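Descriptive structure summary
Below are the chains, spelled out letter by letter.
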Amino acid sequence: MSFENRREYLFVYSVKDANPNGDPLDANHPRYDEESGQIMVSDVRIKRTVRDQWLREDKVIFVDGEAKTLANRVSELKERFSRDTGREILSQCIDTRLFGATYALGKEAFSWTGPVQFKWGRSLHRAEAKFVQGTAAFATKEASEQRSFRNEYIVPFALIAVYGIANQYASRQTNASDDDLDALFEALWKGTANLITRSKIGHTPRLLIEFKYVAGFDGALGSLDEKVVLKSLKGEPLSDDEQLALRSIDEVKLDISEVADKASLIKNKIETVRIVKDAAVRVEPLDKLEDIFGGNLKIEVR
């Protein structure tokens, strides 16, 4: 059963001394916008974070990250679920129900537009990558006493905002459900917290907001990531130097005034608002959202 209520998401997470999303065509340098100085993260990276969390939870996903051919993956799932077609197989997988897929194998070919789409994430401030070097564990040759070196890039600190939207019309094709969207909401938070690898440790979820609209509404607040402003603890804009020097969530606060203002204009079209925030992050003005939505707003601190 497909979902009927459109949803929008704002997700903010921090990265410290890690590589948010390396570019394999540029020596794994963190992706960034040269003009604005913002660190960037692709929608594919966000979906991978979510998929990895679903794997930990033993959910069935199609793109499981293993090195195998499409034919082998389809064969595995056909045997597991006793299904004959690609459509039947993909309908069993939460990632294809939500993110869509392009399928072409044998005589069967089709394309699903994913109901859930993410924009590229961007840091809320100017940041920069640092090139660091270290010593490898082993020498390059048996007779050598000199160990080899390793090189890598890290971002000292970045607060990254991601925007997503769940389109009810596309869900009719994939049969993505409300339960699937609830699983997505949790996986965004938990999956980011569980990015515990050498290049990704230091990722921390900070704020997740979901607007769920009334059935039949097909509008949107739009680009929630662009409606968040990073400010000093005194409520002042950060200079370029202050942005580059930022190293901790304790030094700033998130101003979501524009999000609240826009939401108040269509409050009769919003069924519920769900917010999860990290205890360490300062978010203002949450009280305004409470005034607007009352009992239809749920705030959880983790």
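Quick note: structure is the one above.
Notes on the structure follow. Only a predicted model underlies this, so the values are computations on that prediction, with no experimental measurement involved.

Criteria and cut-off values
- Residues numbered from 1 in each chain as written.
- Predicted model: local features only at pLDDT ≥ 70, side-chain atom pairs only at ≥ 80, totals over all residues.
- Heavy atoms only, no water.
- Patch = residues over 30% accessible without salt bridge, like charges linked within 9 Å, V, L, I, M, F, W, Y side chains within 5 Å.
- Areas by Shrake-Rupley, 256 points an atom, 1.4 Å probe, with all protein chains shown as cover.
- Salt bridge = Lys/Arg side-chain N within 4 Å of Asp/Glu carboxyl O.
- Lys, Arg positive; Asp, Glu negative; His and termini not counted.
- Charge placed at Lys NZ, Arg CZ, Asp CG, Glu CD.
- Helix = DSSP H or I, 4+ residues; strand = E, 2+ residues; numbered from the N terminus.
- Buried < 20%, exposed > 50% of the residue type's maximum accessible area, 1.4 Å probe, protein only.
- Contact = heavy atoms within 4.5 Å.
- Polar contact = N/O pair within 3.5 Å; in protein donor to acceptor, adjacent residues only side chain to side chain.
- Pairing = 2+ DSSP bridges.

Comments concerning a negative patch on the surface
- Taken together, the side chains of E236, D240, D241 and E242 define an acidic patch exposed on the protein surface.
- Along the polypeptide, D241 turns up in helix α7 (residues 240–245).

Concerning the environment of A215
- Structurally, A215 can be placed in the loop between β11 (203–213) and β12 (229–232).
- For A215, a relative accessible area of 55% puts it in the exposed group.
- Separated by 210 residues in the primary sequence, A215 and N5 place their C-alpha atoms 4.9 Å from one another.
- Setting aside anything within four residues of it in sequence, one finds A215 in contact with E4 and N5.

Focus on the side chain of D255
- Mapped onto the elements, D255 comes out in strand β13 (residues 252–255).
- Judged by its relative accessible area of 14%, D255 falls in the buried class.
- At 2.5 Å, the side chain of D255 forms a polar contact with the side chain of S257.
- Discounting chain neighbours no more than four positions away, the residues touching D255 are K227, V228, V229, K231, E284 and P285.

Notes on the sheet that holds strand β15 (residues 283–284)
- Pairing in this open sheet of 3 strands is mixed, and the strands run β12-β13-β15 from one edge to the other. Edge positions in the open sheet fall to β12 and β15, since each of these has one partner strand only.

Examining the pairing of strand β6 (residues 108–113)
- Both strand β5 (residues 100–105) and β6 contribute to a ladder of 6 bridges, which runs antiparallel. Looking across to β6, one finds that T102 is bridged to S111.
- Where β5 hands over to β6, the hairpin turn is made up of 2 residues, of which G106 adopts a positive phi near 65°.

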